[in-house]
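Listed below, chain by chain, are the residues.
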Amino acid sequence: MNPDFPLWLRATHLINFVLIGMLLRSGWEMLSSMPRLWWSNDCAPGKEWLKFTKRELPKEEGVYTSLMDEKSLSPLIALPGRENIGLGRHWHGLSVMLWVLNGLVYVVLLFATGLWRRLIPTSWDVFPEAFETLKMYLSFNVPSIEHFQPYDALQMLGYSFVIFILAPFMILTGVAMAPAIRARFPWYVKLWGGHQGARSLHFIAMVLMSGFIVMHVGLVFLVHPKYNLVHMVFGDVEPARFAQAFVIVIATIVAVLVFWVALSYWTLADRARAHSILVPLTEIGRKIFLNRLRPTNSAPGNFTEDDISEFHWTNGLPPTEEESADWVRMREQDFAGYEIVLADDIGGTEKKVTLDEIRSLPQASYIAVHTCMQGWSATSRWTGAKLTDVLGLLGPRPAGARYVLIDSFGLAQKMYDNRPREPFYAVIDLETAEEEGTILSYERNGRPLDIHLGAPARLRVESNHGYKMVKWVRSIRWIADYRDYGDGRGGTREDSALQAFNGRI
Ligand SMILES: Nc1nc2c(c(=O)[nH]1)N[C@H]1C(S)=C(S)[C@@H](COP(=O)(O)O)O[C@H]1N2
Ligand SMILES: [Mo]
């Protein structure tokens, strides 16, 4: 005879438990990198609807960076904890891939075996029945065991809600935060109230999911535990095996808790190692779902002047005298003598071009949402020259060029191994470099770029998060392989914060 809870059901349930914990913990890591939530896309200081920090935001732009807003969480709570949003994002990406896979197996088998019938309500009576049970629980009574077969109306409603509404909702709102999706399907992000709407809704769904888990686990132990625990472990009702089941359940929960925390400490023990293992794994998902999505022609027409934000966050402050005396000198002369180095690192040629030469190239201009992977967003009109046109001033693309490296007069905000700070740089692949929305921008909202936003010229890439958009550009070069530069991960934020090279999620 088939057990009530077949092996596949118990196995997918256990895997789900492990993965949900990894998702929650890596999600908290991301939230801690910017512990504020907004509904409006300009993320103006004071307009948060919820915050988990006492820091007051300065109303003035360009004095406070989002990196300064990070909060450090304990590795006991977050994955991995201690201000490692890059690695937290990789853990989130890996867990979500496995979680969706596990969920699909579960749902397919649920329908293939007919077991969906005891989970999905098929009669309206489920509502009054669930209400009766709820009243019973609220008066601290427990329905008798015959009442469950194996689930009662309240469980049916709860489980169906979590599996068929809450879980898909989390996936849909999560996906809406990926720049690849935003650039390709801007309407989809608007559907959720923009980047901040999606982020806030994702957070609310996380709270509901956590609440469900606490109630669910609590009730398993409080309501007919003899029946539940044996059922969970052995699949059938054999009251004699309760002691055995109890030990197995407690041991499993302890083992999973230890595993979660061990993941954090394993990650923190050698972050470069964790990065080198996690990135190729998450790359699978990015390759299948995101990297092929090209932006819809920088999404013109999808945003209007009315969408333009009043406030724009900053990440990275302008070079100081010690960091770059050259840039400071040029700024003092309103960038009159500013030149950008264009280079072909494969052939070894180089050329300097002036701002006027760049301004005389055909203009590209569009209104778009700028997102930092820490969480904030802002909408602006960006104007400049296509990056490939700028590189065209050097000559045709050299054979063997597979990436473009852009570096800055400014230094990285911090290096993860505390070595002296190096110039900020980012690498993009050829497809990204050729997108319509990939520009060297010299104007924002019709005015020359603000000093703190990258004057006199900064990169703007529509299909990626902000960390690719180098400010205070010093040089732009064709390169064969990003592994030959910096720590070989494709950018300062990748090297130091250990983000993924392809920033499309
Ligand atoms: N030179 C330089 N460019 C940089 C950074 C930096 O620290 N230095 N930070 C990046 C990050 S993480 C983001 S989100 C964007 C922020 O752009 P903004 O300051 O114009 O808002 O700039 C990117 N470009
Ligand atoms: Mo960022």
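In this report, we go over the structure that sits alongside the text. Computed from a predicted structure; not experimentally measured.

1. Side note on the pairing of strand E6 (residues 377-386)
With 9 of its 10 residues buried, E6 lies for the most part within the structure. Taken together, the 9 bridges between strand E5 (residues 363-371) and E6 define a ladder with antiparallel strand orientation. Residue pairing across strands places Thr371 opposite Ser377, the latter belonging to E6. The antiparallel hairpin formed by E5 and E6 contains 5 residues in its connecting segment, where Gly375 sits at a positive phi of about 140°. Summarising the sheet, E6 and strand E9 (residues 439-444) pair through 5 bridges and their orientation is antiparallel. From the neighbouring strand, Trp382 faces E9, where its bridge partner is Arg444.

2. Re the packing of helix H8 (residues 225-234) against helix H9 (residues 242-269)
Each packed pair of helices is defined by two parameters, the angle between the axes and the distance between the axes. Packing of H8 against H9 leaves a shortest axis separation of 8 Å and a crossing angle of 70°. Here H8 lies roughly perpendicular to H9, going by the angle between them. Here H8 and H9 pass one another in a crossing that is left-handed. Contact residues: Pro225, Lys226, Leu229, Val230, Met232, Val233 and Phe234 in H8; Phe242, Gln244, Ala245, Phe246, Ile248 and Val249 in H9. Looking at the contact of H8 with H9 residue by residue, the classes come out as 11 nonpolar, 1 polar and 1 charged.

3. Considering the sheet that holds strand E8 (residues 423-429)
Pairing is mixed in the open sheet, where 5 strands are placed in the order E4-E3-E12-E7-E8. Across the chains shown, the open sheet's two edge strands, defined by having one partner strand only, are strand E4 (349-354) and E8. Across this sheet, the average inter-strand angle for adjacent strands is 20°, counted without regard to direction. Bridging between strand E3 (residues 339-344) and E4 involves 6 bridges; their strand directions are antiparallel. Across the sheet, Val341 pairs through a bridge with Lys352, a residue of E4.

The rules we used
- Residues numbered from 1 in each chain as written.
- Chains lettered and ligands numbered in written order.
- Predicted model: local features only at pLDDT ≥ 70, side-chain atom pairs only at ≥ 80, totals over all residues.
- Heavy atoms only, no water.
- Buried < 20%, exposed > 50% of the residue type's maximum accessible area, 1.4 Å probe, protein only.
- Helix = DSSP H or I, 4+ residues; strand = E, 2+ residues; numbered from the N terminus.
- Pairing = 2+ DSSP bridges.
- Axes fitted to C-alpha atoms, helices over the stretch in contact; angles between N-to-C directions.
- Parallel < 35°, antiparallel > 145°, perpendicular 65-115°, else oblique.
- Left-handed = near helix turned anticlockwise from the far one by under 90°.
- Contact = heavy atoms within 4.5 Å.
- Nonpolar A, V, L, I, M, F, W, Y, C, P; charged D, E, K, R; others polar.

Just distances and angles here, no functional claims.
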